[in-house]
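Understanding the architecture of this molecule
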Amino acid sequence: MEEQESRLDAPPPARPGGPAPAAPPPAHRRPLGVLRHVHFRNVWFGAMGSSVGSWMESTGVRWIVGNTTGSALALGYLTTAQMTPMLVLGMAGGLLADRVNRKSLLLYTQAVMMVIAACLAAASYFNYATPAVLILLSLLQGITMAFNIPAWQVLTPRLVPREELTEAIVLNGLQFNLARIAGPALAGLIMTFSQTNGATILFVVNTISFLGVLAAVAATPDAPAPRHDRSSMWRQTMAALSFVFHNRGPRAVFLGIVIFAMLGGPLLTMLPLFVTAVYHREAGTFGTLLSIVGAGAVAGIGLLRFLPRWYPKHHFIPLSILSSGVTIGLLCSTDSLPLACICLFFTGAFWLWTFNQSFAAMQLLVDDHMRGRVMAVCNTAAFGATPVGALLAGAIGEYVAGRADDGAGVQLGVGVMGVVLGFAGLAMLIWRTPEVDGVKPGDTGYERRASLFHGITALAHRPAGAPSPDQPPAV
């Protein structure tokens, strides 16, 4: 769930031949000040409740498939069913979000997802929740999400001023990850103490949770589609692809999202098998581990307050990717559950930083008239790359290690992906793309290649008189 209110501040016009410059941050910010915008606040709380329900449902579905089949490939098939629709229909969803009333689109997609959630609850109650049925219903949810996600992403910039957009996106990440803490934890408790109908309870709660977000979105001002030149869908699609791939900044952000989704995504997909095959625990532990990931993400949001305002995204995103690869590799190198909890906590923080800052960077680089299409390009790539990574990790465990449901196979498959992710982040930290932050050739701090030390410290971008990196200004 993400995004919200009538446009309070239109974006500045794009510079000829390039994206619009990012607006400077206000001189003083309150940490949760963006919640003063009433429609953003209402949708934020409604989305929080729905996200809790979604995490409860996701925990139940993944646990049933993983525990029933004991196969990493089965979990890979589940992830494929959930995310492949974004690969096939993601661009159509983005085009639709740029052509129709965005509020209406959001209400329709949320209502359809509520019906699918109700079908899942009914299937569980009547003992029809087999892996095949769960994968089918997940496919239907994925198809709907292909149209739902662009509607969320283009709505948020209409609910807050442009200069507060990054804070709004951060806050959306906060609610999602607070829900990641509460949802799996509640799901684990329910499945532990109500083993006969625990999954059904999870699915019913998720169905009901849609009511809050539907009410909140219905109360927001109308969100008509922006004017467009009536060109064909093909031309509009090509324009979005051209913007992403022919501009260095958007292209670098896009590649970072794809790499992280493909190489980092398998960890959460295979987490049920870590619980059973590596740590030899039950459902409650699975919910606890998901909550730890969420807790790390929430902590990561808090730590963003201490990031100097001058520290550029084209340094921070690669650093987050590198750090994620390191923690995933460490997690896969041990059978210790306490150490795994520590690694998952930090992985959650780095995960949040990567996606949050990447999507914030892209939102600031693109104009509103093609926002839906450009964000759909990113969504399509991320959701398409995730199942590819999950299947590849499963294949490594299945065919290289012998069996993916063996602890060593799971660790090897996910661990290899984590190590490659770390090297990718390292490369991006040394060979950088300043255009991600709107820095052009000839501007102060424009460096396309420098040492790892300068990649981490970003000293070339530190303004004269700014506090040292270990003493950032208060936000």
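Just above sits the structure.
Residues numbered from 1 in each chain as written. Predicted model: local features only at pLDDT ≥ 70, side-chain atom pairs only at ≥ 80, totals over all residues. Heavy atoms only, no water.

**A short note on the overall build of the protein chain**
Regarding its fold elements, the protein chain presents 16 helices and 0 strands. Burial statistics for the protein chain: of 475 residues in total, 57% are counted as buried. Of the roughly 18,600 Å² that the protein chain leaves accessible, carbon and sulfur atoms contribute 67%. (Helix = DSSP H or I, 4+ residues; strand = E, 2+ residues; numbered from the N terminus. Buried < 20%, exposed > 50% of the residue type's maximum accessible area, 1.4 Å probe, protein only. Areas by Shrake-Rupley, 256 points an atom, 1.4 Å probe, with all protein chains shown as cover.)

**Looking at helix H3 (residues 102–125)**
The end-to-end C-alpha distance of H3, which contains 24 residues, comes to 35 Å, matching closely the 34 Å that a straight helix rising 1.5 Å per residue would cover. For H3, the side-chain oxygen to backbone nitrogen distance between the N-cap and Lys 103 is 3.0 Å, and the N-cap itself is Asn 101. Asn 127 occupies a position one or two residues after H3 and carries a positive phi of about 65 degrees. (Expected span 1.5 Å × (residues − 1). Polar contact = N/O pair within 3.5 Å; in protein donor to acceptor, adjacent residues only side chain to side chain.)

**Regarding the packing of helix H12 (residues 313–332) against helix H13 (residues 337–365)**
In contact at an axis separation of 8 Å, H12 and H13 are set at 155 degrees when each is read in the N-to-C sense. Taken together, the axes of H12 and H13 lie roughly antiparallel to each other. In this structure, H12 crosses over H13, and the sense of that crossing is left-handed. In terms of residue class, the contact of H12 with H13 is built from 15 nonpolar, 8 polar and 1 charged. (Axes fitted to C-alpha atoms, helices over the stretch in contact; angles between N-to-C directions. Parallel < 35°, antiparallel > 145°, perpendicular 65-115°, else oblique. Left-handed = near helix turned anticlockwise from the far one by under 90°. Nonpolar A, V, L, I, M, F, W, Y, C, P; charged D, E, K, R; others polar.)

**Some points on the packing of aromatic side chains**
Applying the stated rule across the entire model yields 14 aromatic pairs. Both rings, one in Trp 351 and one in Phe 355, keep their centres 6.2 Å apart while their planes meet at 50 degrees; by these two values the pair is tilted. Note that Trp 351 and Phe 355 are positioned in helix H13 at a spacing of 4 residues, about one turn of the helix. A relative accessible area of 13% places Trp 351 in the buried class. Of the aromatic side chains, those joined through ring pairs into one cluster are Trp 310, Tyr 311, Phe 316, Phe 345, Phe 346, Phe 350 and Trp 353. (Phe/Tyr/Trp six-rings, centres within 6.5 Å; stacked < 30°, edge-to-face > 60°.)

**A word on the nonpolar core**
Phe 40, Phe 274 and Leu 331 are the most contacted members of the largest nonpolar core, which totals 80 residues. In this structure, Ala 240, Phe 243, Ile 257 and Ala 381 belong to the second largest nonpolar core, which totals 24 residues. (Core = buried A, V, L, I, M, F, W, Y, C linked by side-chain atoms within 4.5 Å.)

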